[in-house]
Amino acid sequence: MSDTTSGPVLAADGRPLKASLNRALRRQKLRALMLIAPLLIFILVSFVMPIADMLFRSVENQIVSETLPRTATLLPDWNGEGAPDDIVFEALARDLAVAVEAKAHTRLGSRLNYEQTGISSLFRKTGRGVDEIGETPQDVLEDTNDIWKERDTFGRLIGTSDWVDAINAWDAEDARSRGAAPEFDANPNFAEQFPGTTSLYASYVLQSVSEEDNPLGEKPWPILFHVLAQELPSATPPSDVPQELALALGEAAGALAGVTLDDPKAMFLDIDDDWGDTDVWTTIQTYAPAYTNGYFLNSIDMQKGLDGPEWRPENEQIYIVLFIRTMIMSLSIMGMCVLLGYPIAWLLANLPDRKANMLMILVLLPFWTSLLVRTSAWKVLLQQQGVINDVLVWIGIVADDGRLQLINNQTGTIIAMTHILLPFMILPLYSVMKTIPPSYLRAAKSLGATNWTAFWRVYFPQSVPGIGAGCILVFILSIGYYITPELVGGTKGVFISNRIAYHISSSLNWGLAAALGTILLAVVMGLYWMYDKIVGIDNVKLGG
Amino acid sequence: MSSLPPYATTGQRIWHYSFRIICGLIFFFLIAPIVVIIPLSFNAQDFFTFTPEMLALDPEGYSTKHYEDFFTNSDWQLALKNSLKIAPVATILSVSLGTLAAIGLSQSHVPFRRAIMAILISPMIVPLIISATGMYFFYSNPYIPTPFGKIELPFTLTGTYWGVVLAHAALGIPFVIITVTATLVGFDQSLTRAAANMGANPVTTFFKVQMPLILPGVVSGGLFAFITSFDEVVVVLFVGSAGQKTLPWQMFTGLREQISPTILAVATILIAVSVLLLFTLEVLRRRSERLRGMSPR
């Protein structure tokens, strides 16, 4: 007897019961997860990742460091007063030469234009003049030796002979079926002596290859001559370059000895005085790091100044006003919904089931009707020549020439959105009121309470959870509304979401749109969390 | 509330009737804008208000020309066709994945249940404009993030049919999850055990025992998903291109630019669709309650 009770309890197959149960539980959990997994992956890819991508874009700012890499590394040393040193302009000239070929300078210009107006045109204008830099040494060199007129000279000078062969072989293949171009491989001895020329030529190769061209068959950029001429006096030409090129390099040093090279700083200032402007350079310097809080500052009407964040000029402050307006209008819509929804929910909860079901249809029909249908209905009704104004004129409340302006302003948005969101208030209120026993009210009255006291002290406190649920739901929905404000709100009755849409489709300032969206998302998520605490996500009900 | 006791005072009588009047006015506010659209869509003129002929009930004042325009205009027809091509596929996607997951979620031991539920419901909570923004960015250049950097995928979804379908399926999923899990709460798990006991494998059990019982929930979830996609305009505006112009999109541009009375005709047709939908859902709800009432508890 004692033997059977002392050992672990065994299952039918001889294993300990505890282990057996654990195993069954694990298998059950695994099966449940397997069933959920496909949907979870689907939602992660099609929904969560896009949202994460948007969050990332609100701080991402790689365009400056990608388009102007050489300038971006030098700028932190700039003292912030007047135009930077020649060396920065030198770097800028090289970066812009590359950017102009890739047509990336206009994109950078419009990006920086969000921060300071005028930069876009500055970059455009400069882009047209930047290819003149280097023409002086180019002419001198081409006069000295015809080899500088050959298109492959730079490639043979800087690249290894293996790379030259590889790129020529790649070029000979059919462009439609060939693979990626061989990676540029510079002669290490040359790169050591001529780092600037090598780095610029590497950019040149990348650009040619991206256009599916052979870098050895394209005309080299004038600025390559400029950089070469600069580095030549202080460099000792390496011994392992092809002989005729080594010779040419030697001659070039002599020929260039008395030549004054182009001065990029002077040329840039000549193209546009703005290059001497501290503000332009401050903007470039501020936005050179790969990540920025600039979009967020911008979306709360601030900007990056010399000494940290500062407020934007009064006349450029729009977003805080817009956020506050969105909040106030959402709150008024919410208030209207409580005001209109409470009596209806009360009526539905206290009528006999048959009648309540009939009246419920009147709530559910708008709920199920297309949003666009309801919005177009309001657009038609609220017009100055619309039905509501016609009726008011007919009754005689307003004069024919004094028709009310009900649309394209905040009134229009509030009326239409109250109508659209009212069912979302009534349904949760109704489901809470349905659970309040009517006998409580009768008990209160039989104890001597007046109608008002009975309602206010007994019934109302019990319906508060319903009001809370409905309010949060309506508020969450209204704060992110786009379609209805866009159609009936005019300019004064729009929400923050309309501004987001504007930045995506019209001004193309995606970073700002993402930052505004992130702030909105944070607010909604906070409310969602509250809703989950109060009501529970599992208790969300649809359509009664 | 339902009726006035005979001993009610005059004040109570006044309150009783004025409360009814207030409620009547609110119901009027709810339903009138939708009802008014219907006669206006038969306007013989290109006006958005009742013409004197219409008020006089003169047959001359009414016509079906806006409906004819809807059925002959190629823009509207293309939009209708696109809507009918996108919504069903998105619905099938969200219903099949959603039902499977809902069954998984309603098992008794699911790790991280709350977190998973929160993620799956999130497309309903996140404002559409934010979903649209994110999808617009991500779908134009989809990638897989890895610890070593992102792997860019060699295709783009923005402006394609599948991009819109994918986005709409994601938006419809919360509705399927909510309705199907709600149905499964009332599902008697011992039925599947009984089926297994009699030798049915899990697949047979699912199709022969579980599916017929939760079908009303699945269908109403599907209807929700369908109407979500069919009504959706923000995401399709951003993710789609002119080739995916849907009915709501066409209505949206119509309302924003040149408002034409054809919109009212379309609206009336859509109202008819939603009445039909409401009716179907009500039938399903009753059926579901009956089925659940039959199952032993």
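These figures come from a predicted structure and were not determined experimentally.

1. Some details on the overall build of chain A
Argument step 1. A count of helices and strands for chain A gives 27 helices and two strands.
Argument step 2. At 36 Å, chain A has a C-alpha radius of gyration far larger than the 24 Å of a compact globule built from 544 residues.
Argument step 3. Taking the principal axes of the C-alpha coordinates as reference, chain A spans close to 115 × 100 × 50 Å.
Argument step 4. Considering chain A as a whole, with its 544 residues, one finds that 49% of them fall into the buried category.
Argument step 5. In chain A, 71% of the contacts between residues at least 6 apart in sequence involve partners at least 24 apart.
Argument step 6. When the accessible surface of chain A is totalled, it reaches about 25,600 Å², and 58% of it is carbon and sulfur.

2. Observations regarding a nonpolar patch on the surface
All names here are of chain A.
Argument step 1. A contiguous nonpolar surface patch, about 460 Å² in accessible area, is contributed by Ile300, Trp311, Ile320, Ile324 and Ile328.
Argument step 2. If you tally residues by element for the nonpolar patch, the top one is helix H18 (residues 319-350), at three residues.
Argument step 3. On the accessibility criterion, Trp311 (52% relative accessible area) is exposed.

3. A few points about the pattern of salt bridges
Argument step 1. Going through the model one piece at a time under the given rule, you end up with 14 salt bridges over all chains.
Argument step 2. Linking Lys434 of chain A and Asp353 of chain A is a salt bridge whose minimum nitrogen-to-oxygen distance equals 3.3 Å. Taken together, the positions of Lys434 of chain A in the loop between helix H22 (410-433) and helix H23 (438-446) and Asp353 of chain A in helix H19 (residues 353-368) put the pair 81 residues apart, joining distant regions of the chain.
Argument step 3. Judged by relative accessible area, Lys434 of chain A falls into the partly exposed class, the value being 39%.
Argument step 4. Salt-bridge contacts for Arg256 of chain B lead to Glu486 of chain A; the nearest nitrogen and oxygen are separated by 2.8 Å. Linking Arg256 of chain B in helix H11 (residues 247-256) with Glu486 of chain A in helix H25 (residues 483-488), this pair reaches from one chain into another.
Argument step 5. Judged by its relative accessible area of 39%, Arg256 of chain B is partly exposed.

4. Re the interface of chain A and chain B
Argument step 1. Counting from both sides, the interface comprises 89 residues of chain A and, opposite them, 90 residues of chain B.
Argument step 2. Each partner contributes to the roughly 8,200 Å² buried at the junction of chain A and chain B, and carbon and sulfur atoms together form 82% of this total.
Argument step 3. Where chain A touches chain B, the interface holds one salt bridge.
Argument step 4. When residues in the side of chain A that touches chain B are grouped by element, the largest group, 23 residues, is from helix H2 (residues 17-57) of chain A.

5. Here we look at the packing of aromatic side chains
Argument step 1. The full count for this structure, using the stated rule, is 43 aromatic pairs over all chains.
Argument step 2. Note on Trp346 of chain A and Phe455 of chain A: the rings are 6.0 Å apart at their centroids and 75° apart in plane angle, and the pair reads as edge-to-face. Here Trp346 of chain A, found in helix H18, pairs with Phe455 of chain A, found in helix H24 (residues 451-479); they are 109 residues apart in sequence, far enough to count as distant.
Argument step 3. A relative accessible area of 14% means that Trp346 of chain A is categorised as buried.
Argument step 4. An aromatic cluster is present here, built from Trp148, Phe154, Trp163, Phe184, Tyr201, Tyr204, Trp221 and Phe225 of chain A joined pairwise through their rings.
Argument step 5. Lying over the aromatic face of Phe137 of chain B, Arg57 of chain A brings its terminal NZ or CZ to 4.5 Å of the ring centre.

Rules and cut-offs
Residues numbered from 1 in each chain as written. Chains lettered and ligands numbered in written order. Predicted model: local features only at pLDDT ≥ 70, side-chain atom pairs only at ≥ 80, totals over all residues. Heavy atoms only, no water. Helix = DSSP H or I, 4+ residues; strand = E, 2+ residues; numbered from the N terminus. Rg over C-alpha atoms; globule rule 2.2 N^0.38 Å. Buried < 20%, exposed > 50% of the residue type's maximum accessible area, 1.4 Å probe, protein only. Contact = heavy atoms within 4.5 Å. Areas by Shrake-Rupley, 256 points an atom, 1.4 Å probe, with all protein chains shown as cover. Patch = residues over 30% accessible without salt bridge, like charges linked within 9 Å, V, L, I, M, F, W, Y side chains within 5 Å. Salt bridge = Lys/Arg side-chain N within 4 Å of Asp/Glu carboxyl O. Buried area = accessible area lost by both parts, 1.4 Å probe. Phe/Tyr/Trp six-rings, centres within 6.5 Å; stacked < 30°, edge-to-face > 60°. Lys NZ or Arg CZ within 6 Å of the ring centre and 35° of its normal.

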